[in-house]
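# Residue-level structural notes
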Amino acid sequence: MRPFAYRRPADARAAVEAALDAPRAMYLGGGTNLVDLMRLGVAEPDLLVDVAGLPYDTIRETGDGGLEIGGAVRNSDLAAHPAVRRDRPMLAQALLSAASGQIRNAATVAGNLLQRTRCAYFQDVSKPCNKRIPGSGCPAIEGDHYNLAILGHSAHCVATHPSDMAVALTAFGAAVHVEGPGGRREIGMPGLHRLPGDRPEVDTVLDPGDLITGLTVRPLPFAARSRYRKVRERASFAFALVSVAAALDVEDGTVRDCRVALGGVAHAPWRAERLEEALRGRPATEGSYAEAADAELDLAEPLRDNAYKIPLARKVIVRTLAELGG
Amino acid sequence: MELGAPLDRVEGWDKVAGRARYSGEQRVAGVCHAVAVQAEIAHGEVLAVDATAARAVPGVIDVLAYGDAPALADTSDFELAVLQSPRVAYRGQIVAAVVAETLEIARHAQRLVRVTYDELGHDVELTPDHPGLYRPEKISPDDPPDTGEGEETPAEVSVDVTYETPAFHNNPMEPHATLAVWEGDHLTLYDSTQGAAAQRDALAALLGMPAERVRVVAHHVGGGFGSKGVPPRPNSVLAALCARRVGRPVKLAVTRQQMFSITGYRTPTFQRMRIGASKDGRIADIEHHVIEQTSTAREFAEQSGVVTRMMYAARARRTTHRLARLDVPVNSWMRAPGECPGMYALESAMDELAEACGIDPVELRIRNEPERDPDSGNPFSSRRLVECLRLGAERFGWSSRPEPGTRREGRHLVGMGVAAATYPAAARPAQALARVADDGSFTVSIAAADIGTGARTALTQIAADALGVPVARVRVEIGDSALPYGPLAGGSMGNASWGWAVLRACEGLRDGIARYGGAEPGLECRADTSGEIKNQEAYARHSFGAQFAEVRVDVDSGEIRVPRMLGVFAAGRVMNARLARSQFVGGMVMGLGMALTEESRMDREFGDYLNHDLAQYHVPVNADVLGIDAIWLDDPDPHANPLGGKGIGEIGIVGAAAAIGNAVHNATGHRFRRLPISPPSVIPHLP
C-alpha cells in the first residue's frame, strides 16, 4: 500500500483539524473495511486520523427512552446492549446478522455507516468504476450485477450500500451527530447516504473533515415488536441479497404505524416511505402488506440479472410484517 | 494395534501453538519479498513494461519482466514459462515482478509498474454450442475422450437432460507461498506443495538443472485440494527466478485474489445425460456428453464422463468430452477432478430416472449394479455400494422421504435426496527408509506430504504397527524432497502409496532387528514398492459411498439450508478414525458449497473471475454446516494394497452436490439443473 501518515488526536476538534491538514486524510475507526481497501489500492489516504480512541464509545439511555450511541462504540457492544435487545430487536438483529464475530468486535458504529460498497468492480483497481474514478464508466451495468441495486440507481452507478445496521437505523430515523469544520450539526437518516445520480463517487452528504461522533435513536415504543430479516445464500458472513427492517404497531387489527427499510437494494439504506404510507390505517393482513410492498417496489427498475430481488423483497416484506402482526 | 485408532495429529500441538512453520513463515537471513504484477488484458501481447516509478521507490531491489528475466530451460508449458514471452493468454497472468526489502514496499511499487499491451479480442465464455469445441486427444489423467459400446435400443423410459456447473476455485486456507534460496548453483525452495519430490523434478527441468541441485521443502501445507499439485503453479517458478536475479532469498506469497487467476480451478461444465431404461428401472442405454473449457495456455481435459463408464450396468454406453479453448486462466485439479462434476450429473440423472420409473432412487441404483467393471471388464477388487446405500437409508430414515413438493413445515419445504459416490483407488511407487535412531526409537523417512489430511499421523501409525512398537517411539519425517521418493498427495493415492512403502521398510527393519538380535542404532531398511505395484493383479479398484441429504427450502426467501447429511463410505481400511472422519466430512462440506453457495463468476467484459476473494466467493461457513455425519464400513480390501486402504481424500465430495440437488427437487417438486442452487434461481419456482 501507499505510504501514509498516522495521527491520533486527543479530541474531536483536533481530529477535524488534523483531517483538514492533508488532501486525502481519512478517519480510521475499527479499520475493518478501510484497511482492506488500502491493501487493494482502492483507498489511498495520505493521512489516517485514528478516532477509535476518542471518548465516543458509550451508549447512554436518555430519560425519554431514547438512546445516545457513540460513534466509536463497537458493533458487538451495541448489539449486546440491553436497551437495544429489549426495545429495538431489529437493530440488534441487524448488527448480529452482519460480518463475523471478530469483525463486529472491531468495527465501530460510525465506520459501519461509512463503509463502502462491496461491488466487485469498485474493489478491483484494474477495472473502471465511476465511484472510484469518476467518469471511467460502470462495467456492472452490462456486467455482473446480480447482487446490485434495483432502486434509486443511475446510469453511472448501480452499487448497493452494504451495511445491515444502517438499514435498521434508517427505519428508526436515527439522527447522526457530526463534528465538522463549521461546528456541530445533525443529519437525519435517511439523509446521510446519497443516491448515486451523476456523482457516485460521493457516498454521503458529509463534507471533508466531518466526523461522526454519535447517533441519537429517539424513542419508538412499538419497535419492541420489530425484526430484521436478511436473505443470503449462506447462513452467515455474507452481504444481503435483500434485507428488511420492520417495526409494526397494530391495534384492533389495524396498522396504526409502521417503519420499514430495505437493504441490499439501493445505493443507500432504503426507507420504504411509500410502503409505510400505504400501510398506515389498513387492516393488518397479508393482503395489505402485499399491496403496500407493491407500492414501494413499483419504483424498482431491475437490471438484466437482478429482477429476482423484486419478488424476493416482496415476499420477505410480507412475511416479516405478518410475523410482527401476529 | 495403532492402525485405525483415532490418534490425535502428531503435529497438532505444533500447529495450534504456532510452532509449525508453513512455507511463508520460514525464516532466513537476508530475505526480500517479491510481488507479481498481473496482466490486465485477457489476450494479447505485452508491448512494454515501464518500471521507472517502481524502481524509484526506496527499498525496491529489482523489477523483472519479459526481456530481462532469467531464462528458463524448458518453455514448453506456457503456464510455467513465466516472463519468457510477451504473449498474454489470460487476465491475471504474471507479466512482471517487483522485488523489495519489505512486502509493503513491494506491494506499493507493484502498483506503479506501467504495462502497455497490444490487446486482442478475448473469448472467455463457455457455451454448450461454442464454435471452437474440439475433441481432446486424451482426458486426464490418460484416458480416451470418447467411448462407445453396444447398440442403442428403444427404451420404455428415457431421461435426456443437461446439467450445468460453474467454475469453482479450490481455496485452501493457506494461499500458495514460496521461499526461494540459492546457495551457489543449489536451489532450496520452501514451497507450499502437495508433492516435494515431484515439485523438485518439475522445477529442475524448468530451470535446466539436475534434480540433485534442487531441494523442495514443505513440512506443513495448509490445504491444497489439487491446487498445489504438480506441475507447479507459476508462483513457484517466479520465486526461483526472482531469487536468482537478485542474489538473495526471496519470499513470494500469493494473495487470495491472485489465487483466482494463477493457482488453478475447476472448469465449468455442461453435461448432457441420456438414459434409457425399462419400466422396472434397468438401464438399457446410457450416455454422458461433457462440454468443458481449457485455457490456451495449457490444455487440461477434466475427465467428468469417466464415472458413467464404470458406475452402472447397461447394454449400451457412450461418453464424450469436448473442450473449448478459451482465453481464461489455467484450470486444473480440484478435489475429485472428473468424478466430482461427473457424479453430480450422473447421480442427478439417476434421480430423474427413478422418478420417471416410479422407483425409489436407492432401489434404482441397486437394480443397476454391474457384476464386473463395465469399463475394463475386470472384477471389482471390492464394491460395497449396495451395503452403503442400504445402511445409509436405514440410518437416515429414508423411508420417511416425502413425495416431491409435499412436505411443508411452517415456512419451509422439506425434502430428502440420495446419491452414490465413487472414486478410484490407486497407488503409485514410493520409497521409504526406516531406521533405528541413536536413542533406540525409530525414524521413518519418505517425501510424503501432509496437506492437512493427517498423513504424517497415519504413516506414524502404520510404521508403529509394522514395527510392533507404540507410536510414541516412531518419528516420521516427510515434506522434503531430500527424503526417499514419495509421490504427491493427490488422487486419494497418498496414504496407499506412502503407507505401502513405509510398511515394507518397517517390516524389513523388524526382520533385520530380529536377525541382528536387537534394535541396534543405525540399523536401517529401505523399501521401494515399484515392483510390487507393477505386478498388481488386474482389478477395478474403486471406493464407493452413499450420500444422503435433507434440505429445508424457505418458501419466502428461497434460502436453502441443510440440517442433515449422512455419508456412508466403503473406502478400504480406515487408518485413523478421527482423521478419516475429517476427510469425509470435509469433502461433504465442500460438496455442500458446490451445491448451494460456490460459484466463480466470469467477468465477460474483462475476462477474469470477478468474485476473487472469500467475501465474494462463498465457501460454506460454520453456520451452514449443521448435522453432517460420516460413517464407514469395515472394509479392508486385500486386492487394493497390503494395507487394505483405498484413499479417502476425495470421495466425500463426490455425490454430495447431487444428493443435495435431489433433495431440493424432493422438497420443491422443481428440478434445478444448474449449480449453485441459490435464491435467485429458486425464487421463481416457489409456491
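About the thresholds
Residues numbered from 1 in each chain as written. Chains lettered and ligands numbered in written order. Predicted model: local features only at pLDDT ≥ 70, side-chain atom pairs only at ≥ 80, totals over all residues. Heavy atoms only, no water. Helix = DSSP H or I, 4+ residues; strand = E, 2+ residues; numbered from the N terminus. Rg over C-alpha atoms; globule rule 2.2 N^0.38 Å. Buried < 20%, exposed > 50% of the residue type's maximum accessible area, 1.4 Å probe, protein only. Domains from an automatic or database assignment. Contact = heavy atoms within 4.5 Å. Buried area = accessible area lost by both parts, 1.4 Å probe. Salt bridge = Lys/Arg side-chain N within 4 Å of Asp/Glu carboxyl O. Nonpolar A, V, L, I, M, F, W, Y, C, P; charged D, E, K, R; others polar. Pairing = 2+ DSSP bridges. Axes fitted to C-alpha atoms, helices over the stretch in contact; angles between N-to-C directions. Parallel < 35°, antiparallel > 145°, perpendicular 65-115°, else oblique. Left-handed = near helix turned anticlockwise from the far one by under 90°. Polar contact = N/O pair within 3.5 Å; in protein donor to acceptor, adjacent residues only side chain to side chain. Core = buried A, V, L, I, M, F, W, Y, C linked by side-chain atoms within 4.5 Å. Phe/Tyr/Trp six-rings, centres within 6.5 Å; stacked < 30°, edge-to-face > 60°.

Turning our attention to the overall build of chain B. Counting its regular elements, chain B contains 16 helices and 26 strands. For a compact globule of 687 residues, the expected C-alpha radius of gyration is about 26 Å, and chain B comes in at 26 Å, within 12% of that figure. For chain B, the spread of C-alpha atoms along the principal axes amounts to about 75 × 70 × 50 Å. For chain B, the residues scored as buried account for 63% of the 687 residues in total.

Turning next to the domain arrangement of chain A. When the domains of chain A are assigned, the result is domain 1 (5-50) and domain 2 (227-325). A separation of 36 Å is found between the C-alpha centroids of domain 1 of chain A and domain 2 of chain A.

All right, on to the interface of chain A and chain B then. Contact with chain A, which involves 37 residues of that partner, is made by 39 residues of chain B. The junction of chain A with chain B conceals about 3,200 Å² of combined surface from both sides, 54% of it contributed by carbon and sulfur atoms. Among the residues of chain A in contact with chain B, Glu233(A), Arg234(A) and Lys315(A) are the three that bury the most area, contributing 21% of the side total. Inspection of the region where chain A meets chain B yields 6 salt bridges. Across the pair Lys127(A) and Asp608(B) runs a salt bridge, and its minimum N-O distance is 2.6 Å. Of all the elements in the fold, those that place two or more residues in the side of chain A that touches chain B are helix H2 (34-40), strand E9 (226-231) and helix H11 (309-325) of chain A. Looking at the side of chain A that touches chain B, the element that brings in the most residues is H11(A), giving 5 residues. Residue composition of the side of chain A that touches chain B, by class: 19 nonpolar, 4 polar and 14 charged.

Turning our attention to the sheet that holds strand E8 (residues 211-217) of chain A. Residue and element names in this part refer to chain A. The 5 strands are arranged E4-E5-E8-E6-E7 in an open sheet whose pairing can be described as antiparallel. On the outer flanks of this sheet lie strand E4 (59-61) and strand E7 (183-188), each paired with one strand and no other. Recorded for the sheet is a direction-independent mean angle of 20 degrees between the axes of neighbouring strands. Here strand E6 (residues 175-180) pairs with E7 via 6 bridges, running antiparallel.

What follows covers the packing of helix H5 (residues 89-96) of chain A against helix H8 (residues 165-172) of chain A. Residue and element names in this part refer to chain A. Close contact between H5 and H8 brings their axes to 8 Å; oriented N to C, the two are set at 165 degrees. On the basis of the axis angle, H5 is roughly antiparallel to H8. The way H5 lies across H8 gives a crossing that is right-handed. Residues Met90, Leu91, Ala94 and Leu95 of H5 form the contact with H8, whose own contacting residues are Met165, Ala168, Leu169, Ala171 and Phe172. When grouped by side-chain class, the residues that make up the contact of H5 with H8 number 9 nonpolar, no polar and no charged.

Turning our attention to the environment of Gly417(B). All names here are of chain B. Looking at the element boundaries, Gly417 is found in strand E17 (residues 412-424). Spatially, the C-alpha atoms of Gly417 and Glu550 are 6.5 Å apart, while their sequence positions differ by 133 residues. In contact with Gly417, not counting residues within four places along its chain, are Trp398, Gln547, Phe548, Ala549, Ala659, Asn662 and Ala663.

Time to look at the side chain of Gln547(B). All names here are of chain B. Structurally, Gln547 can be placed in strand E22 (residues 542-554). When its relative accessible area of 0% is taken as the criterion, Gln547 is described as buried. Among the polar contacts listed, one links the side chain of Gln547 to the backbone oxygen of Gly652, at a separation of 2.9 Å.

Here we take up the side chain of Gln84(B). All names here are of chain B. Position of Gln84 among the secondary structure elements: in the loop between strand E3 (60-65) and strand E4 (87-88). Polar contacts involving the side chain of Gln84 include one to the main-chain carbonyl oxygen of Pro70, which spans 3.0 Å. Excluding anything up to four places from it in sequence, Gln84 contacts Tyr66, Pro70, Ala71, Leu72, Thr75 and Leu241.

Residues and elements named next belong to chain B. One finds Met311, Leu346, Leu353, Phe548, Val551, Met565 and Ile660 to be the most contacted residues of the largest nonpolar core, which totals 94 residues. Once residues lying within four places of it in the same chain are set aside, the contact partners of Leu353 are Val157, Val159, Ile275, Ala277, Ile283 and Leu364. Core analysis: the second largest hydrophobic core is formed by 42 residues, Cys32, Ala69, Val82 and Tyr90 among them.

With an omega dihedral of -5 degrees, the bond running from Ser140(B) to Pro141(B) counts as a cis peptide bond. Between Leu675(B) and Pro676(B) the backbone carries a cis peptide bond, its omega angle lying at -10 degrees. With respect to the secondary-structure elements, Pro676(B) resides in the loop between helix H15 (656-668) and helix H16 (679-682). The phi torsion at Ala99(A) lies on the positive side, around 55 degrees, for a residue other than glycine. By the element assignment, Ala99(A) lies in the loop between H5 and helix H6 (101-106). Positive phi, normally seen in glycine, also occurs at Phe225(B), with a value near 55 degrees. Summarising the element assignment, Phe225(B) is placed in the loop between strand E11 (214-217) and helix H5 (234-246).

All names here are of chain B. Look at helix H4 (residues 196-207) against H5: their axes get within 11 Å of each other, and the N-to-C directions meet at 55 degrees. Judged by the angle between their axes, H4 and H5 are oblique. Crossing angle aside, the handedness with which H4 passes H5 is right-handed. Residues Gln199, Leu203, Leu206 and Leu207 of H4 lie in contact with H5, whose contacting residues are Ser236, Val237, Ala240 and Leu241.

According to the stated counting rule, one finds 82 salt bridges over all chains in the structure shown. Here Arg601(B) and Asp144(A) are joined by a salt bridge, their closest N and O atoms 2.6 Å apart. Of this pair, Arg601(B) sits in the loop between helix H14 (577-596) and strand E24 (602-603) while Asp144(A) sits in the loop between helix H7 (109-113) and H8, which puts the two residues in different chains. Overall, the relative accessible area of 16% leaves Asp144(A) in the buried class. Across the salt bridge formed by Arg475(B) and Glu477(B), the nearest N and O atoms sit 3.3 Å from each other.

All right, on to the packing of aromatic side chains then. All names here are of chain B. One pass over the full model with this rule turns up 8 aromatic pairs over all chains. Measuring from centroid to centroid gives 5.7 Å for Phe396 and Phe548, while their planes differ by 35 degrees, and the two rings are tilted. Note that Phe396 is positioned in helix H10 (residues 385-396) and Phe548 in strand E22, a separation of 152 residues in sequence. Just as Phe396 is buried, Phe548 falls in that class too. Judged by centre distance (5.6 Å) and plane angle (70 degrees), the rings of Trp398 and Phe548 are edge-to-face. Remark: Phe548 occurs in strand E22 and Trp398 occurs in the loop between H10 and strand E16 (408-409); sequence separation between them is 150 residues.

Time to look at the sheet that holds strand E6 (residues 114-119) of chain B. All names here are of chain B. Here we have 3 strands laid out as an open sheet, ordered E4-E2-E6, and antiparallel in their pairing. Strand pairing shows two members of the sheet lacking a second neighbour, E4 and E6, which therefore form its edges. Where strand E2 (residues 44-50) meets E6, 6 bridges bridge the pair, whose relative direction is antiparallel. Counterpart to Glu45 in the pairing with E6 is Asp118.

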